[in-house]
Amino acid sequence: MSPVSVASSRIVYDALKACGIRLVSALPETWLVHLIRMADDDPEMILVRLAKEEEGVGISAGAHLAGVKSAMLMQNHGLLASINGIVSCAQLYRIPLLMLISYRGEFGERDPWQTEGGGVTEDLLRALRIPFSYLDNVSHVAPRIAKAQTLSLSSNKPVALLLCRDLMWEDQ
Amino acid sequence: MLRIDALRSVYDRLENRVVVTIMGAVAAELQSLGHRPNFFYLQHAMGLASSMGLGIALTRPDRQVVVFDGDGSVLMNLGGLTTLARYKPKNLVHVVFDNESLLSVGGFPTATSTGSDLAAIAAAAGIPRTAAVRTIDEFTKAFDDALSAGALTTLVAKVDAVGPKQFVTDLALLENRFQFQRYLRS
């Protein structure tokens, strides 16, 4: 049994639904497995499984122009893989993106291969001038997702929420 | 075949369809034939025009979407072909103008000039309908077949590596973006 929290994943998913999210793009990663399954099981949700996270920028851009609210699920290394799309599609064209990014490589990370990305994630978001906050406790998940989406839509810009170990992982 | 002649040959079919193009010659030449509010030109983010088309096609199944892509852009997002093939939107026609070069940056040859076959790659990715054409008559027929097929099509059109004198037009990027959004949502 994976120690990824089903209960926290459900709270995140329900918060996305409450914000009117109708399309989710995702590339599987350990912390996202339950969220992806929830989207897959939900007949009201369009789940787009990607080959590479940058595709999700284009898909969300198309959905937004068509009037459909979307969210992107990715690992922080997926953020690294998406930078050109974020800058030269979403930012150049003022497209709102709601990015939920699993924050691997934080304190508590056990996988050696995940440890480098954690150290650059926040600096990268600041360099890209992408407003971000943390999802590290169930009590603030729903309001933070709602507020992040509000800012994204009012500014027509990407925003990021970092899915933290304290929220997503049950075995501390 | 010249790309602008190919665009001209199907221009009237685009009137009531949602059109997304890549940057460079494709965007400039389609604008030179006459801009419409249902045309969006992705003037950067190479590789993502087909992803944008997929996002529109999945969320607006009532509309037919045409993407005008290019070999250089497709080669930057080959994985995107597998995503298109995975969802197979029936309302998406994916045209790839293959001039075997990165024309707007000096004409450096792409891998299609040394044998990479984008129609075969698209077919192997799982795109249900693919075709490769070399003449205007073949292109026009294959485009019309794709519009009426009711199945995702990638149509590779081999074109000459020549383009417009300049790529910058008087249509501002954000003007195009908000006009297109208004069109799509109306």
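As the structure is a computational prediction, the values presented were derived from the model and not from experiment. (Residues numbered from 1 in each chain as written. Chains lettered and ligands numbered in written order. Predicted model: local features only at pLDDT ≥ 70, side-chain atom pairs only at ≥ 80, totals over all residues.)

(A) Region of interest: the sheet that holds strand β8 (residues 153–158) of chain B. All names here are of chain B. With parallel pairing, the six strands of this open sheet are ordered in space as β2-β1-β3-β4-β8-β7. Because the sheet does not close on itself, it has two edges, and the strands there are β2 (39–41) and β7 (129–133). Sheet twist, expressed as the average angle between the axes of neighbouring strands with direction ignored, equals 15°. Where β7 lies against β8, five bridges are found, and the strand directions are parallel. Note on β8: the bridge partner recorded for A131 is L155. Contacting β1 (18–21), β3 (65–70) and β4 (92–98), helix α3 (residues 49–59) runs over the sheet at an angle of about 170° to β3. (Pairing = 2+ DSSP bridges. Helix = DSSP H or I, 4+ residues; strand = E, 2+ residues; numbered from the N terminus. Axes fitted to C-alpha atoms, helices over the stretch in contact; angles between N-to-C directions. Contact = placed C-beta atoms within 7 Å.)

(B) The arrangement of the sheet that holds strand β6 (residues 158–163) of chain A in detail. All names here are of chain A. Pairing within the open sheet is parallel, and its six strands lie in the order β2-β1-β3-β4-β6-β5. Only two strands of the sheet have a single partner each, and these edge strands are β2 (46–49) and β5 (132–135). The sheet shows a mean angle of 20° between the axes of neighbouring strands, taken without regard to direction.

(C) Broad picture of the packing of helix α5 (residues 78–87) of chain B against helix α6 (residues 118–125) of chain B. Residue and element names in this part refer to chain B. Viewed as axis vectors pointing N to C, α5 and α6 meet at an angle of 45°, and their least axial separation amounts to 8 Å. One finds that α5 runs oblique with respect to α6. In the crossing of α5 with α6, the sense of the turn from one axis to the other is right-handed. Contacts between α5 and α6 involve L78, L81, T82 and A85 on the former and, on the latter, I121, A122 and A125. Split into classes, the residues belonging to the contact of α5 with α6 amount to six nonpolar, one polar and no charged. (Parallel < 35°, antiparallel > 145°, perpendicular 65-115°, else oblique. Left-handed = near helix turned anticlockwise from the far one by under 90°. Nonpolar A, V, L, I, M, F, W, Y, C, P; charged D, E, K, R; others polar.)

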